[in-house]
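Listed here are the chains, written in short residue letters.
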Amino acid sequence: MLASSGQAHAAGYRYWSFWDRDGDTWVYATQGPSTARPSDGDVQGFRFSVSEDSRDAAKPRGAAEFATICAKTPARDGSKRVALVLDFGTSADAPSGETPPRPRTACARVPEDATTADALATVAKPLRYDTNALLCAIAGYPRTGCGEQISATEPTPSTTPRDTSPSAESESGGDSGGDQGPSLGLLAGIGAVAVLGAAAVWQTRRRRSG
């Protein structure tokens, strides 16, 4: 049963979170995409959602097997393959007036020393950043907004229907603190993804000066 839309609950933040695949489990990334250097065969994910902090952040949904995602991308000397799971969230996560694309996967072939930021840039353009180099959009979604706070009275994924299909891994939020700004966990998560923007800007400047 759904709670009424006017019921007060803890505020959340709408943003892209970054994840590592460990066996059959998604683990919130401890490094930013611009410093994480995945190995050939690794699987990493990004999920767009509303959450209070990293403890209740929704995980990427759907298939996440490297052998499936990169089945048509054979190994090649001097490069590595990184499987990426891109989950654009649910209608409950979406900014007003926007419809999230379906989750998808991509196999990025990048140089052996490439970061996750490099891999994402090869398969998910256009990327959008704010003036602080925070990652705001992957593959053009969402069109607007960037890590904005959702008010304590606005409906969030905890009070609106989520995708309950068999392929969905539903990670609902907990009942943590009130509207006192982002927690350290959320700031760490957003900060980690923000580094992606700085890396992209550096790469662009390097190419232009080359």
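Data block above holds the structure.
If you're wondering where the values come from, they're calculated on a predicted model, not measured in any experiment. (Residues numbered from 1 in each chain as written. Predicted model: local features only at pLDDT ≥ 70, side-chain atom pairs only at ≥ 80, totals over all residues. Heavy atoms only, no water.)

**A look at the nonpolar core**
Within soluble globular proteins, side chains that are nonpolar generally end up buried alongside one another. Of all hydrophobic cores here, the largest spans 21 residues; its most connected members are Trp-16, Phe-46, Leu-84, Leu-86, Leu-120 and Ile-138. A per-element tally of this core places strand 4 (residues 79–87) first, with three residues. Ignoring sequence-local partners within four residues, the contact set of Leu-86 consists of Phe-46, Pro-103, Arg-104, Leu-120, Ala-124 and Ile-138. Formed by 14 residues, the second largest nonpolar core is a distinct cluster that contains Trp-19, Phe-66, Cys-70 and Ala-83. (Core = buried A, V, L, I, M, F, W, Y, C linked by side-chain atoms within 4.5 Å. Buried < 20%, exposed > 50% of the residue type's maximum accessible area, 1.4 Å probe, protein only. Helix = DSSP H or I, 4+ residues; strand = E, 2+ residues; numbered from the N terminus. Contact = heavy atoms within 4.5 Å.)

**A short note on the environment of Pro-95**
Locating Pro-95 in the fold gives a position in the loop between strand 4 and strand 5 (104–111). Pro-95 sits in the buried class, given a relative accessible area of 8%. In this structure, the C-alpha to C-alpha distance between Pro-95 and Tyr-141, residues 46 residues apart in sequence, is 9.9 Å. For Pro-95, the contacting residues outside a window of four places in its chain are Arg-14, Phe-48, Tyr-141, Pro-142 and Thr-144.

**As for the environment of Glu-112**
Inspection of the secondary structure puts Glu-112 in the loop between strand 5 and helix 2 (116–123). On the accessibility criterion, Glu-112 (54% relative accessible area) is exposed. Spatially, the C-alpha atoms of Glu-112 and Ser-79 are 4.8 Å apart, while their sequence positions differ by 33 residues. Setting aside anything within four residues of it in sequence, one finds Glu-112 in contact with Gly-78, Ser-79 and Lys-80.

**A word on the environment of Ala-94**
Relative to the elements of secondary structure, Ala-94 occurs in the loop between strand 4 and strand 5. A relative accessible area of 9% means that Ala-94 is categorised as buried. In the structure, Ala-94 is positioned 80 residues away from Arg-14 in sequence and 8.4 Å away in space, judged by C-alpha atoms.

**Thoughts on unusual backbone geometry**
The omega torsion across Lys-125 and Pro-126 is 0 degrees, close enough to zero to call that bond cis. Looking along the chain, the bond that leaves Tyr-141 and enters Pro-142 is cis, with omega of -5 degrees. Among the structural elements, Pro-142 can be located in the loop between strand 7 (135–137) and strand 8 (149–150). Positive phi outside glycine occurs at Ala-139, with the angle close to 55 degrees. Along the chain, the position of Ala-139 falls in the loop between strand 7 and strand 8.

**Some thoughts on the state of the cysteines**
If you walk through the whole model with that rule in mind, you get two disulfides. The side chain of Cys-70 participates in a disulfide bridge whose partner is Cys-107; the two sulfur atoms lie 2.0 Å from each other. Handedness of the Cys-70-Cys-107 disulfide follows from its S-S torsion of about 105 degrees: it is right-handed. Here the residue Cys-70 occupies a position in the loop between helix 1 (66–69) and strand 4, and Cys-107 occupies one in strand 5, the gap between them amounting to 37 residues. (Disulfide = S-S within 2.5 Å.)

**What about helix 2?**
Those residues of helix 2 that fall on the buried side of the exposure criterion are Thr-116, Ala-117, Ala-119 and Leu-120. Down the axis of helix 2, the buried set is contained in an arc of 160 degrees. They therefore lie on one face. (Arc of directions from axis to C-beta.)

From the geometry alone we can't say anything about function, so treat these as descriptive.
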